[in-house]
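One-letter residues, chain by chain:
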Amino acid sequence: MTYPDLNTPPRILLGPGPSSVHPRVLRTMATPVTGYMDPTFLEIVQEVRALLQQAYRTENDLTLAVSGTGTSGMEALISNLVEPGDAVLVGANGFFGERLAEMARRHGGEVERLEASWGQVFDPAQVDAALQARPAKLVAMVHAETSTGALQPEVEAVAAACHRHGALLILDCVTSLGGLPVELDAWGVDGAYSATQKCLSAPPGLAPLSLNPRGVAAIEKRSSPPPVFYLDLMLLQKQWGEQPAYHHTAPISAIFALREALRMAMEEGLETRIERHRRNAEALWAGLESLGLELFIPPAHRLPTLTTVRVPKAVDDAAIRRRLLEEFNLEIAGGFGPLAGKIWRIGLMGHSSRRENVTLLLAALAELLPG
Ligand code: PLP
């Protein structure tokens, strides 16, 4: 049997991720692979570390990219920080909050869920009250909930509430890093993880992560090493240090790609980039409303990087998405869990956040939607 050359359609990725990858990043991936101990590569690793510190706005020494998608970043923080019997408070207001709760439970955490219905966000006073009632070692929360399109506000006040009660705050920044303000040090967030395939627009495969000295001290105080060798942050920190020790073979081409994606983000400037995400999202929101569609999240908590819109009653959710893909090469996504069949999820992230993409999607919807 023979297999033809790869010939994938030229999709425009306007779903919840991956986003479209810029040709500059794709070209960089064709750079010849070096060894993982090659001095040139070790220099590149240090550059990526410095660029990630800029992206996260942090001076955290432990800042690196975990080999694996966003979930590996989530599991690295949870498995290193949670020991069996530790009390963990998790914001459960969407699919990824639920995943955090499940992961903390699997690592032996005594998980308490801070409940809110999908699409709602948390008030810092709720976090304060929950920790007052039952102290926790760790609080975990999603900054930009991709399953609902809601943005958690007042992270600084949430972090202050955690610290008042002696808890660490872990923030999921998968759909915010590189597209929304993320200020780890100024906000007092102890640990965060993200993914390369969203607002940074590199291919999927790495999870940028950062942990502050309080978080590192919590790992050092563990009674036994973390149960997951591949995600042991103390070992990974050595691998990402100036004099690295072998831990696992670094995904060389993925790290090259992340370097180029981060370099592009810094060339654009983080503020300008965040403003571009906002401007294009506002154009999308106005256009969707002028088509008679109803946005799912109120403006105050609406994510510019991921818009959720209600599927109109008489419309076949899957059929519209299929036609967008087949006739326009446009990918958008449907809803998860309680929102399955009820919403569409439209991502404008990184290289996908462009005015021409907004115009094309709105024109395609105008053609496909009845009336
Ligand atoms: N957290 C959030 C908010 C996400 O949107 C995602 C993926 O979409 C993840 C975590 C998991 O990331 P990944 O699918 O890259 O493992």
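Notes on the structure in this doc start here. (Residues numbered from 1 in each chain as written. Predicted model: local features only at pLDDT ≥ 70, side-chain atom pairs only at ≥ 80, totals over all residues. Heavy atoms only, no water.)

Details of the site of the ligand
Near the ligand lie 13 residues; those nearest to it are Thr 69, Thr 71, Thr 146, Asp 172 and Lys 198. Between the ligand and Thr 71 there is a distance of 2.5 Å, counted from an oxygen atom to a side-chain nitrogen or oxygen. Thr 146 places a side-chain nitrogen or oxygen 2.4 Å from an oxygen atom of the ligand. Considering the ligand on its own, with 380 Å² of exposed area, one finds that the protein chains cover 87% of that surface. Looking at which element gives the most residues to the shell around the ligand, the answer is helix α3 (residues 70-81), with three residues. Of the residues contributing to the shell around the ligand, the split by class is five nonpolar, six polar and two charged. (Near = heavy atom within 4 Å. Polar contact = N/O pair within 3.5 Å; in protein donor to acceptor, adjacent residues only side chain to side chain. Areas by Shrake-Rupley, 256 points an atom, 1.4 Å probe, with all protein chains shown as cover. Helix = DSSP H or I, 4+ residues; strand = E, 2+ residues; numbered from the N terminus. Nonpolar A, V, L, I, M, F, W, Y, C, P; charged D, E, K, R; others polar.)

Here we look at helix α12 (residues 317-328)
A rise of 1.5 Å per residue sets the reference length of α12, with its 12 residues, at 16 Å; its end C-alpha atoms lie 16 Å apart and thus fit the reference within 8%. Among the residues of α12, Asp 317, Ala 319, Ile 320, Leu 324 and Phe 328 are the ones counted as buried. Summarising the contacts, the buried residues of α12 are in contact with β12 (330-331), β13 (333-334), β14 (343-347) and α13 (355-368). At the N-terminal boundary of α12, the capping side chain belongs to Asp 316, with an oxygen 3.2 Å from the backbone nitrogen of Ala 318. (Expected span 1.5 Å × (residues − 1). Buried < 20%, exposed > 50% of the residue type's maximum accessible area, 1.4 Å probe, protein only. Contact = heavy atoms within 4.5 Å.)

Here we look at helix α10 (residues 252-268)
With 17 residues, α10 extends 25 Å from end C-alpha to end C-alpha; this agrees with the ideal 24 Å at 1.5 Å per step. Three or more residues of α10 are buried, namely Ile 252, Ser 253, Ile 255, Phe 256, Ala 257, Leu 258, Glu 260, Ala 261, Leu 262, Met 264 and Ala 265. Considering only its buried residues, α10 is in contact with α1 (23-29), α2 (39-56), β2 (62-67), β10 (206-211) and α11 (270-290). Looking one or two places after α10, you find Gly 269, whose phi comes out positive at around 95°.

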